[in-house]
Amino acid sequence: MDDRTFRSAMGKFATGVTVITTLLDDEAHGMTANAFMSVSLNPKLVLISVGEKARMLDKINETGTFAVNILSEDQKEFSMYFAGQIKEKRDFEFDWVSEIPVIKDALANIVCKIHSKQIAGDHTLFIGEVTDLVIRDGAPLTFFEGKYGKIVNAEQ
Ligand code: FAD
Ligand code: NAD
């Protein structure tokens, strides 16, 4: 099976979009990710998957903390930017929760410390224990078949 066939199949699973953020040596870093899931209620655990080539990998390994920011429908540009799909360099202004940089006006800012991790092929799975949370009303940005979208007639 080739990579394109695998990605096309995985793309049939509609997801939201997050930006993972962290802070290392007083420098904030963001990375777009849709590999995110809720894992456990007691304790409160979530999971993210970070590629071996992503700069984010060493940063999370070093700091042991990260935030998952669930993007709203009008934050597509943030997703493109933190995926490197918009090339121009910008000065990005973060909000802060528990001294971790987070995306302003995201639907949720979920602050975590590493609970455990597992290298799986060319990605590392980080299970994070949730230490702080901010949530806001709104509709999500979606990703399906490699394209961004919105929920039509989303009931609020
Ligand atoms: P870079 O590529 O270095 O950074 C990303 C961009 O953000 C760059 O333009 C950088 O300049 C900018 N940036 C970062 N921090 C700051 C800052 N503080 N101030 C200003 N600019 C900043 N990859 C995964 O590993 N796992 C996933 O689950 C995943 N899901 C994805 C979902 C979608 C919808 C998309 C589009 C991509 C996804 N990717 C995922 C791919 C991933 O987002 C890219 O490969 C990304 O470029 C890797 O990030 P990096 O840590 O190497 O950072
Ligand atoms: P795409 O068609 O590559 O993505 C469709 C689906 O394939 C994604 O939702 C994801 O489930 C899966 N996928 C894609 N790349 C993967 C990877 N390297 N490892 C594991 N699963 C992967 O969509 P696109 O618009 O071409 O994506 C833009 C870029 O973002 C591509 O370079 C893609 O590789 C990357 N991306 C990476 C991941 C990831 O690492 N988990 C997820 C989504 C997108």
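Scroll up for the structure.
Here is what the cut-offs are and how they apply
Residues numbered from 1 in each chain as written. Chains lettered and ligands numbered in written order. Predicted model: local features only at pLDDT ≥ 70, side-chain atom pairs only at ≥ 80, totals over all residues. Heavy atoms only, no water. Buried < 20%, exposed > 50% of the residue type's maximum accessible area, 1.4 Å probe, protein only. Helix = DSSP H or I, 4+ residues; strand = E, 2+ residues; numbered from the N terminus. Pairing = 2+ DSSP bridges. Contact = heavy atoms within 4.5 Å. Patch = residues over 30% accessible without salt bridge, like charges linked within 9 Å, V, L, I, M, F, W, Y side chains within 5 Å. Areas by Shrake-Rupley, 256 points an atom, 1.4 Å probe, with all protein chains shown as cover. Salt bridge = Lys/Arg side-chain N within 4 Å of Asp/Glu carboxyl O. Near = heavy atom within 4 Å. Polar contact = N/O pair within 3.5 Å; in protein donor to acceptor, adjacent residues only side chain to side chain. Nonpolar A, V, L, I, M, F, W, Y, C, P; charged D, E, K, R; others polar.

Caption draft 1: The pairing of strand β2 (residues 18-24), seen in detail. Counting buried positions over the seven residues of β2 gives six, a clear majority of the element. Relative to strand β3 (residues 27-33), β2 is paired through seven bridges, and the arrangement is antiparallel. Each bridged residue has a counterpart across the sheet, and for Val19 the counterpart in β3 is Thr32. Linking two consecutive strands that pair antiparallel, namely β2 and β3, is a turn of two residues; a positive phi of about 50° is found at Asp25 within it. Note that β2 and strand β6 (residues 65-70) share four bridges and pair antiparallel. Opposite Thr18, over in β6, you have Ile70 as the bridge partner.

Caption draft 2: Structural detail: the environment of Phe92. When you line up the elements, Phe92 lands in the loop between α3 (76-82) and β7 (95-97). C-alpha of Phe92 to C-alpha of Phe78: the two residues are 14 residues apart in sequence and 9.7 Å apart in space. Ignoring anything within four residues of it in the chain, the contact list for Phe92 reads Phe78, Phe82 and Ile103.

Caption draft 3: Layout of helix α2 (residues 55-63). Along α2, the residues that are buried comprise Met56, Leu57, Lys59 and Ile60. In this structure, the buried side of α2 is in contact with β2, β3, β5 (45-51), β6, β9 (108-120) and β10 (123-135). Where α2 ends, the next residue or the one after it, Gly64, has phi of about 75°, a positive value.

Caption draft 4: Local environment of a nonpolar patch on the surface. A cluster of nonpolar residues, Met1, Phe6 and Met10, forms a patch on the protein surface that exposes about 400 Å² of accessible area. Within the element layout of this structure, Phe6 appears in helix α1 (residues 3-10). For Phe6, a relative accessible area of 44% gives the class partly exposed.

Caption draft 5: View of the site of ligand 2. Taken together, Arg4, Arg7, Met10, Gly11, Asn34, Gln85, His123, Phe143 and Gly146 are the residues near ligand 2. Contacts to ligand 2 include Asn34, whose side-chain N or O atom sits 2.9 Å from an oxygen atom. The dominant element in the shell around ligand 2, judged by the number of residues it contributes, is α1, at three residues. Per-class residue counts for the shell around ligand 2 are two nonpolar, five polar and two charged.

Shape descriptors only; they carry no functional weight alone.
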